[in-house]
Amino acid sequence: MIQHWLQYCDECHTTCFEGLSQPEIDATPVLPTRVIAVPAGESPRLVITNGLRGRYAALSHCWGGHSHIMCTKDTVGQFQGGIPLNELSKTVRDAIYLAQKLGIPYLWVDSLCIVQDDKQDWLEEAPRMGSVYEHAYLTFAATAAVNGDVGLFAPLQSEDIVRVPCDPERPLLGSMYLAPSTITFEEVNTSPLSRRGWVLQERLLSRRTLHFAATQVYWECQETGTNRSYGRDYNLQETWRAIVTFYSTCSLTYLSDKLPALEGVVTKLKARTSLEYHLGHW
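Residues take numbers from 1 onward in each chain, read along the sequence in its written order. Owing to the predicted nature of the model, reporting of local features is limited to residues with pLDDT of at least 70; listing and counting of side-chain atom pairs is limited to 80 or more, with chain, interface and lining totals taken over all residues. Working from all heavy atoms in the structure, the side-chain values ignore hydrogens and water.

### Some remarks on the overall build of the chain
Going along the chain from the N terminus, every DSSP run of H or I of four or more residues is numbered as a helix, and every run of E of two or more is numbered as a strand. Check the secondary structure of the chain and you find ten helices and nine strands. Our radius of gyration looks at C-alpha atoms and nothing else; its globule reference is 2.2 Å times the residue count to the power 0.38. Relative to the 2.2 N^0.38 estimate, which gives 19 Å for 282 residues, the radius of gyration of the chain is 19 Å and therefore close to what a compact globule would have. The principal-axis extent of the C-alpha atoms belonging to the chain is close to 60 × 45 × 35 Å. Relative accessibility thresholds used throughout: buried, under 20% of the residue-type maximum; exposed, over 50%; partly exposed, between the two (1.4 Å probe, protein chains only). Within the span of the chain, comprising 282 residues, buried residues form 46% of the whole. Counting only contacts in the chain whose residues sit at least 6 apart along the sequence, the fraction spanning at least 24 positions is 71%. Total accessible area on the chain stands at roughly 14,500 Å², and carbon and sulfur atoms take up 53% of it. Counted charges follow a simple rule, with Lys and Arg positive, Asp and Glu negative, and His plus the chain ends left uncounted. For charged residues, the charge sits on one atom: NZ in Lys, CZ in Arg, CG in Asp, CD in Glu. Charge-centre separation for the chain: the mean point of 24 positive side chains lies 3 Å from the mean point of 31 negative side chains. By the convention used here, residues are in contact when the closest approach between their heavy atoms is within 4.5 Å. In these tables, accessible area is a Shrake-Rupley quantity obtained with a 1.4 Å probe, and a residue counts as shielded only by the protein chains included in the view.

Below, the structure is given as structure tokens:
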């Protein structure tokens, strides 16, 4: 089903190749500073890209849970030789598996692609996060997961979904699924992930997102109507008001992250206006 969604979007959704800061996103963009190579049948490894181009997926997730390995000054060199799967969080392991199944060669995960104990690296990479999500071929969102222990493929909470064959005499036609009307996209907006301050810009700038929610998987892209599509005639005042209104309801672990957590989307908006940005104001 995901492959079908991707193919249809690739072939039919022209606006899904438009970014906030530029009219068209390259199909093989310059990769982020570091990405995880996820070749099937091999251990994942960290790649220093140095301007390499390619297709990659990005992960949007809540940290937490048991202690899991991350990129540090001590591990950044080791990770280039290989990253032990069994020491990664379940969410990251699921994302690697999904990228492999979809044939996406690279994956970007903040905890593994930014050196976590290097302040200078963090200051350099934080403003680039907007581009990371905007240029990603697809974003995997661990929407229902409160931490990294849950994973993408959490057991469905709803027991009210019924599978019915489209035609009992022609099984190749597949099945349809019946569910209560209370199961709506609103569960994405009220999910643990969507209430995190850092995640707002990830969702705003991602052109296509797979939400692994509590009851089902949702597709969100710029042409489905569920994601904001920033055309060339967008109004900065209205856009910024909407962003700040929703952002103010989200939570942050560190108060000092209030402005940095919007830096990615700010960087993209700067390219579309002659106004000057200063501490949350234009």
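### Points about the packing of helix H8 (residues 197-205) against helix H9 (residues 236-247)
Orientation is described by lines fitted to C-alpha atoms, with helices fitted over the stretch in contact, and by angles between N-to-C directions that extend from 0 to 180 degrees. At a minimum axis separation of 10 Å, H8 and H9 run at an interaxial angle of 145°. Read as a crossing pair, H8 and H9 show a hand that is right-handed. Contacts between H8 and H9 involve Gly197, Leu200 and Leu204 from the former and Ile243, Phe246 and Tyr247 from the latter. A class-by-class count of the residues in the contact of H8 with H9 yields five nonpolar, one polar and no charged. Left-handed describes a crossing whose near helix is turned anticlockwise from the far helix by less than a right angle; the clockwise case is right-handed. Classification used: nonpolar for Ala, Val, Leu, Ile, Met, Phe, Trp, Tyr, Cys and Pro, charged for Asp, Glu, Lys and Arg, polar for all others including Gly.

### A few points about the sheet that holds strand E2 (residues 45-48)
Each strand in a sheet pairs with another by means of backbone hydrogen bonds, the pair being arranged parallel or else antiparallel. One bridge is not enough; two strands pair if DSSP finds at least two bridges between them. Spatially, seven strands are ordered E2-E1-E4-E3-E5-E8-E9 in an open sheet, and the strand pairing comes out mixed. Each edge of the open sheet carries a strand with a single partner, namely E2 and strand E9 (217-221). Strand after strand, the sheet turns through a mean of 30° between neighbouring axes, direction not considered. Relative to strand E5 (residues 138-141), strand E3 (residues 56-60) is paired through four bridges, and the arrangement is parallel.

### Points about the pairing of strand E1 (residues 34-37)
Going residue by residue along E1, you find Arg34 and Ile36 tucked away on one face and Val35 and Ala37 tucked away on the opposite face as well. In this sheet, E2 lies alongside E1 in antiparallel orientation, the contact comprising four bridges. Bridging from a neighbouring strand, Arg34 pairs with Ile48 of E2.

### Points about the packing of helix H1 (residues 2-12) against helix H3 (residues 90-102)
Any two packed helices are characterised by the angle at which their axes cross and by the distance between the axes. Running from N to C, H1 and H3 point in directions that differ by 60°, and their axes come no closer than 11 Å. As summarised for this structure, H1 and H3 are arranged oblique, according to the angle between their axes. Like other packed secondary-structure pairs, H1 and H3 cross with a definite hand, here right-handed. Here Ile2, Gln3 and Leu6 of H1 lie close against H3, whose contacting residues are Leu98, Lys101 and Leu102. Partitioned by chemical class, the residues of the contact of H1 with H3 number four nonpolar, one polar and one charged. Oblique is the label for any angle not under 35 degrees, not over 145, and not in the 65 to 115 range, which are roughly parallel, roughly antiparallel and roughly perpendicular in turn.

### Considerations on the environment of Leu193
Here Leu193 is to be found in the loop between helix H7 (186-189) and H8. The class for Leu193 is buried, based on a relative accessible area of 3%. Considering only alpha carbons, one finds Leu193 and Cys62, 131 residues apart in sequence, at a separation of 6.1 Å.

### Describing unusual backbone geometry
Across the chain, the bulk of peptide bonds are trans and the bulk of non-glycine residues have phi less than zero. With a phi close to 50°, Asn50 is a non-glycine residue in the positive phi region. Mapping Asn50 onto the fold places it in the loop between E2 and E3. Judged by its relative accessible area of 72%, Asn50 is exposed. Not every positive phi belongs to a glycine, and Leu279 is a case in point at roughly 50°. Following the sequence through the fold, Leu279 ends up in the segment after helix H10 (263-270). Residue class for Leu279 comes out exposed when judged on its relative accessible area of 53%.

### What to know about the packing of aromatic side chains
Put simply, two rings from Phe, Tyr or Trp (the six-membered ring, in Trp's case) pair if the centres are within 6.5 Å, and we call them stacked under 30 degrees between planes, edge-to-face over 60, tilted for the rest. The full count for this structure, using the stated rule, is nine aromatic pairs. Aromatic pair Trp240 and Trp282: ring centres 5.8 Å apart, planes at 85°, arrangement edge-to-face. Here Trp240 is found in helix H9, whereas its partner Trp282 is found in the segment after H10, with 42 residues between them in sequence. By way of ring pairs, the aromatic residues Tyr97, Phe153 and Phe212 are connected into one cluster. Against the face of Tyr137 rests Arg55, its NZ or CZ located 3.8 Å from the ring centre. In our convention, an over-ring charge means Lys NZ or Arg CZ found within 6 Å of a ring centre and within 35 degrees of that ring's normal. Of note, Arg208 hangs over the ring of Tyr137, and the distance from its end group to the ring centre comes to 4.5 Å.

### Side note on the pattern of salt bridges
Think of a salt bridge as a Lys or Arg side-chain nitrogen and an Asp or Glu carboxyl oxygen that are within 4 Å of each other. By the definition in use, this model includes eight salt bridges. Among the ionic pairs, Glu220 bridges to Arg203, the shortest N-O distance being 3.2 Å. Taken together, the positions of Glu220 in strand E9 and Arg203 in helix H8 put the pair 17 residues apart, joining distant regions of the chain. Each member of the pair, Glu220 as well as Arg203, carries the same accessibility label: buried.

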